Amino acid sequence: MKRVTDQAARQSFWNGWLSGHIPQQIRARISGVVERDGTLVIFAESAAWSARLRYAILELEREIRAADPELTDIEVRVLPRS
């Protein structure tokens, strides 16, 4: 149960963080955020938005790593909304 609670707290943290740092036009196309095993995975709703999100994340990578120094990797993947 603690693992689920921790995961929900991390997801909430990253959703809030991204909302404050990524332009709304791109933020609206994020379909999910997960942190697992030191990797932050951000999902975009399509391949096109994934590419735009990847560029935005590259510009923010230093700030993302400062927000959580324990991250070892940041990935952007496609996960269409259902």
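For clarity, every value in this text was computed on a predicted model and none was experimentally measured.

The rules behind the values
- Residues numbered from 1 in each chain as written.
- Predicted model: local features only at pLDDT ≥ 70, side-chain atom pairs only at ≥ 80, totals over all residues.
- Heavy atoms only, no water.
- 1 Å grid on protein atoms, 1.4 Å probe; cavity = no way out; pocket = protein on both sides within 12 Å on 5 of 7 lines; lining within 4 Å.
- Points joined across faces, edges and corners; volume = space filled by probe spheres on them.
- Helix = DSSP H or I, 4+ residues; strand = E, 2+ residues; numbered from the N terminus.
- Phe/Tyr/Trp six-rings, centres within 6.5 Å; stacked < 30°, edge-to-face > 60°.
- Buried < 20%, exposed > 50% of the residue type's maximum accessible area, 1.4 Å probe, protein only.
- Core = buried A, V, L, I, M, F, W, Y, C linked by side-chain atoms within 4.5 Å.
- Contact = heavy atoms within 4.5 Å.
- Axes fitted to C-alpha atoms, helices over the stretch in contact; angles between N-to-C directions.
- Parallel < 35°, antiparallel > 145°, perpendicular 65-115°, else oblique.
- Left-handed = near helix turned anticlockwise from the far one by under 90°.
- Nonpolar A, V, L, I, M, F, W, Y, C, P; charged D, E, K, R; others polar.

**Q** Got a minute to help me understand the layout of surface pockets in this structure?
**A** The probe, sized like a water molecule, is rolled over the atoms to show the empty space still left. The computed volume of the largest pocket comes to approximately 200 Å³. As for the largest pocket, its lining consists of R3, V4, Q7, V34, E35, R36, D37, G38, D68 and E70. Contributing elements (two or more residues each) for the lining of the largest pocket: α1 (2–21) and β1 (30–36).

**Q** Help me understand the packing of aromatic side chains in this model?
**A** For any pair of aromatic rings, geometry is given as the distance between the ring centres together with the angle between the planes. Enumeration according to the criterion identifies 2 aromatic pairs in this entry. Here the aromatic rings of F13 and W14 are separated by 4.9 Å at their centres, their planes lie at 75°, and the arrangement is edge-to-face. In this structure W14 comes out as buried when scored by relative accessible area, which is 0%. On the numbers, 5.9 Å between centres and 70° between planes, the contact of W14 with W17 is edge-to-face. Here the residue W14 and the residue W17 both occupy positions in helix α1, the gap between them amounting to 3 residues, near one helical turn. Each member of the pair, W14 as well as W17, is classed as buried.

**Q** I would appreciate a short explanation of the nonpolar core in the present structure.
**A** Core analysis: the biggest nonpolar cluster contains 19 residues, and L18, I22, I42, L53, I57 and I64 have the highest contact counts within it. Secondary-structure elements contributing two or more residues to this core are α1, β1, β2 (39–44), α3 (47–67) and β3 (73–78). Counting residues per element, this core draws most heavily on α3, at 6 residues. Contacts of L18, omitting those with residues within four sequence positions, involve R27, I30, V33, I42 and I57.

**Q** Would you explain the packing of α1 against α3 in this entry?
**A** Describing two packed helices takes the angle between their axes plus the distance from one axis to the other. Relative orientation of the contacting elements α1 and α3 amounts to 135°, with a least axis distance of 12 Å. For the element pair α1 / α3, the angle class is oblique. The way α1 lies across α3 gives a crossing that is right-handed. Judged by residue contacts, F13, W14, W17, L18 and H21 of α1 engage I57, L60, E63, I64 and A67 from α3. In the contact of α1 with α3, the residues fall into 8 nonpolar, 1 polar and 1 charged.

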